[in-house]
Amino acid sequence: MSTSDVTKQGIRGERPGRDARVGAGLRRRKRRGERPMVPDAEFTSYYGKPIINRPTWEARDIAGYFFLGGLAGAGSVLAAGAHFTGRPAAARALKISSTVAVAGSAAALIHDLGRPERFYNMLRVLRPTSPMSVGSWLLGAYGPAAGAAAVLDVTGLFPRLGRSATVGAALLGPALATYTAVLAANTAVPAWHDGYREMPFVFAGSALVAASGLALAAAPPAETAPVRTAALLGTAVETAAMTLMERRLGMVAEPYKKGRAGRLLRAAKVLSVAGAVGGAALGGRSRTAAVASGAALLAASACTRFGVFYAGLASADDPKYTVVPQRERMFSRRAPGSGEEGD
Amino acid sequence: MTSLIGRNLLAGAEPDPAGDAGHRDHPPRMGFFTDTSVCIGCKACEVACKEWNAVPEDGLELTGMSYDNTQGLSADTWRHVAFIEQRKPVGNAEAGERGDLRWLMASDVCKHCTHAACLDVCPTGALFRTEFGTVVVQEDVCNGCGYCVPACPYGVIDQRKEDGRVWKCTLCYDRIGAGQEPACAKACPTDSIQYGPLDELRERAAARVETLHEIGVDDARLYGDDPDDGVGGDGAFFLLLDEPEVYGLPPDPVVTTRDLPAMWRHAGVAAAALLGGLAAVFAAHGRTGGRR
């Protein structure tokens, strides 16, 4: 179809350019031979330009959403635990915080859209290959459940319905807290994509850190014993998963250690350990210590989310993280004796 | 249309993407073969594309990157001509007095992947597969969530800031529907950009590489033509004279959704662990008044 057709009996179907013997030279030198098999060891790029496009998302909106979604989701599980083990003040605080956090999540997500007035198009289809689509529906189910749990708790109306809403929110909460890891990983951003195995555990741990921090700060010490244990658990899971991820990713993990992301993630580690250990040691005795530990835990979770977010931006901006692993993959695939590619 | 049941539609070869998307009696899959060995860097494709598709101006800068002041594909650049200056001869061509300088020029475009990550991750269904097997954004549906932007392994689709929505090459959906070739291919004076049924283009490209190898251009290689590659083959593929990354292309792109089932599994385990772990914590602490 792409033939010349200038007509009036002129050119028709002629195609001089595409058959040009580019590189033939004037005199035919026989230079047959093998193509070079070993590619250049050094890494090349097009004027240092990034290969993939950097996410257009605002850190405040999307990293903020990762934080709020985790706080809400894990908070609902803690709320149900507190509710059913006779810790009403802790349960109420967590139900309220989850509702506020999920409302904030929705606001952040809509604010980040290029066309916020079209937010309802998110519910136009349900697409399992799009974590954002799945997440929109999840928010649509979780939000009302969390809201109902909080409102019915505060008002004391319809206690049975309130219990169901509490259970419903607790069952959906863990999905809300972890699916955001898939949202980030299901991109071409190397630091996010390649970490897809550990990222859900980082996010689950971080969500637990945030929610237990909130409960520690907001509920009376007599009711926060399980929450203090949960803070330790969350910190342990998050730290272990993060360490595992950095080790497994090799050079792709560099953005997690350098620059702004590195600073945030180091701060997250210090804050979460301080908050969890401080809370466990003193949170049952001193209200002040509990509030301080809780605040440290909340800050730790926020630092983790923003750190992961900025690491993704840094890894998208440098073509090295796209080219080098792909080159290595091609090379190991071509090398004799090696089987299928890893990832 | 063959049954979709039991097939992996996320990765691997897929002979009929348009049929799998639900188009019946559809035309053959159409695409581009961009033969960079005959590109002269005139940028007629860039201009024709902008003109036909009414793509806005996106800044006039002098970059110092050879003759490339466009810099790359974006929401407002759907064809981009790359210029690379190298100290290597092209095949047996005689070098001038200035030494072995060669100039590589290549017109980049959306690859219209068989497994298009942008389409897979779009939460609104704004991105869709046309009857020609190409991938197009519906501008009246897109709400500018931006998920497709980091999902694309080639860095093609992008958000137009002042507009909020995302934009990319449509392979001139309006023109090809009317039996016309896309504007860039029409404007290309050397037929470096060739438009046609993908099967035919692949044959032509294979023959072209062979010719070039015969006359001593050992660097010539095809990029994106293999239906078994990480994106299931590109609808728009290339003949390159150097490694892909020299042109700003990823050497071995993989559609991110290939790993999505594993991602959901890991997230599911993490979610279950969160629920189970907390159940255990509360069980261990018992009802209020229990151990501190």
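All figures in this text were calculated on a predicted structure; none of them were measured in a lab.

Caption draft 1: Representation of the overall build of chain B in the model. Along chain B, the regular secondary structure elements total 8 helices and 10 strands. In terms of its C-alpha atoms, chain B occupies a principal-axis envelope of roughly 90 × 50 × 40 Å. Across chain B, every contact between residues at least 6 apart in sequence was considered, and the portion connecting residues at least 24 apart equals 62%.

Caption draft 2: Structural view of the pairing of strand β10 (residues 236–240) of chain B. Residue and element names in this part refer to chain B. With 5 of 5 residues buried, β10 lies mostly within the body of the structure. Neither face of β10 is open: one carries Ala236, Phe238 and Leu240, the other Phe237 and Leu239, and all of them are buried. Pairing of strand β1 (residues 30–35) with β10 involves 4 bridges; the strand directions are parallel. Residue pairing in the sheet places Thr34 in a bridge with Phe238 of β10.

Caption draft 3: Local environment of the packing of helix α4 (residues 159–185) of chain A against helix α8 (residues 260–285) of chain B. Contact pair α4(A) / α8(B): the axes reach a minimum separation of 9 Å and the direction vectors enclose 155 degrees. If you check the angle between α4(A) and α8(B), you find them roughly antiparallel. Crossing angle aside, the handedness with which α4(A) passes α8(B) is right-handed. Residues A:Pro174, A:Ala175, A:Ala177, A:Thr178, A:Tyr179, A:Ala181, A:Val182 and A:Ala185 of α4(A) form the contact with α8(B), whose participating residues are B:Met263, B:Trp264, B:Ala267, B:Ala270, B:Ala271, B:Leu274 and B:Leu275.

Caption draft 4: Up close: the domain arrangement of chain B. Taken domain by domain, chain B holds domain 1 (17–254) and domain 2 (256–292). Put simply, the middle of domain 1 of chain B and the middle of domain 2 of chain B, counted by C-alpha atoms, are 45 Å apart.

Caption draft 5: Highlighting the packing of helix α6 (residues 199–218) of chain A against helix α10 (residues 287–317) of chain A. All names here are of chain A. At a minimum axis separation of 7 Å, α6 and α10 run at an interaxial angle of 155 degrees. As far as their axial angle goes, α10 and α6 are roughly antiparallel. Like other packed secondary-structure pairs, α6 and α10 cross with a definite hand, here left-handed. Contacts from Ser206, Val209, Ala210, Ser212, Gly213, Leu214, Leu216 and Ala217 of α6 reach α10 at Ala290, Val291, Ser293, Gly294, Ala295, Leu297, Leu298, Ala300, Ser301, Thr304 and Arg305. Of the residues contributing to the contact of α6 with α10, the split by class is 11 nonpolar, 7 polar and 1 charged.

Caption draft 6: Representation of the interface of chain B and chain A in the model. At the junction of the two partners, chain B supplies 81 residues and chain A supplies 83 residues. Counting residues per element, the ones that place at least two in the side of chain B that touches chain A are α3 (117–121), α4 (148–151), β6 (158–159), β8 (193–197) and α8 of chain B. Per-element accounting of the side of chain B that touches chain A gives the leading share, 16 residues, to α8(B). Of the residues that constitute the side of chain B that touches chain A, the class distribution is 40 nonpolar, 26 polar and 15 charged.

Caption draft 7: Spatial organisation of the nonpolar core. If you look at the biggest cluster of nonpolar residues, it comprises 195 residues, and the most contacted ones within it are A:Leu78, B:Cys118, B:Cys148 and B:Cys152. Two domains each provide a minimum of three residues to this core, namely domain 1 (17–254) and domain 2 (256–292) of chain B. Beyond its immediate chain neighbours, meaning those up to four positions away, A:Leu78 contacts A:Leu94, A:Ala211, A:Ser212, A:Ala215, A:Val227, A:Ala230 and B:Leu278.

Caption draft 8: Examining α4(A) more closely. Residues and elements named next belong to chain A. The end-to-end C-alpha distance of α4, which contains 27 residues, comes to 40 Å, matching closely the 39 Å that a straight helix rising 1.5 Å per residue would cover. Along α4, the helix axis deviates most sharply at Leu172, where the bend reaches about 30 degrees; the proline Pro174 sits within four residues downstream. α4 sits mainly inside the fold: 19 of its 27 residues count as buried.

Caption draft 9: Just the sheet that holds β1(B), in detail. All names here are of chain B. What the 4 strands build is an open sheet, ordered β8-β1-β10-β9; its pairing is mixed. Both edges of this open sheet fall to β8 and β9 (221–223), since each of them pairs with a single strand only. Going from strand to strand, the sheet's axes swing by 25 degrees on average, the running direction of each strand aside. Examined bridge by bridge, β9 and β10 share 3 bridges and lie antiparallel to one another. Across the sheet, residue Leu222 finds its bridge partner in β10, namely Leu239.

How each quantity is defined
Residue numbering note: each chain is counted from 1, following its sequence as written. Here every chain gets a letter starting at A, and every ligand a number starting at 1, in the order they are written. Totals for whole chains, interfaces and linings use all residues, but because this is a predicted model, local features are given only for residues with pLDDT of at least 70 and pairs of side-chain atoms are given and counted only at 80 or more. The numbering of helices and of strands both runs from the N terminus, where a helix is a DSSP run of H or I of at least 4 residues and a strand a run of E of at least 2. Contact definition: two residues whose C-beta atoms, as placed from backbone geometry, lie within 7 Å. In this scheme the burial state of a residue depends on its C-beta neighbours within 10 Å: 20 or more other such atoms mean buried, 12 or fewer mean exposed, and anything in between means partly exposed; the C-beta positions come from the backbone. DSSP-based pairing: two strands are paired if at least 2 bridges between them are found. Every angle, taken between N-to-C directions, lies between 0 and 180 degrees, and every axis is a line fitted to C-alpha atoms, over only the stretch in contact when it is a helix. Roughly parallel covers angles under 35 degrees, roughly antiparallel covers those over 145, roughly perpendicular covers 65 to 115, and oblique covers all other angles. By convention the crossing between two helices is left-handed if the near helix lies anticlockwise of the far one by an angle smaller than a right angle, and right-handed if it lies clockwise. Throughout the structure description, domain borders are defined by an automatic or database domain assignment. When residues are grouped by polarity, Ala, Val, Leu, Ile, Met, Phe, Trp, Tyr, Cys and Pro land in nonpolar, Asp, Glu, Lys and Arg in charged, and all others, Gly among them, in polar. A set of buried Ala, Val, Leu, Ile, Met, Phe, Trp, Tyr and Cys residues, joined to one another through C-beta atoms within 7 Å, is what we call a nonpolar core. One less than the number of residues in a helix, times 1.5 Å, gives the span that helix is expected to have. Bend is computed residue by residue as the angle between axes fitted to the seven residues ending at the residue and the seven residues starting at it.

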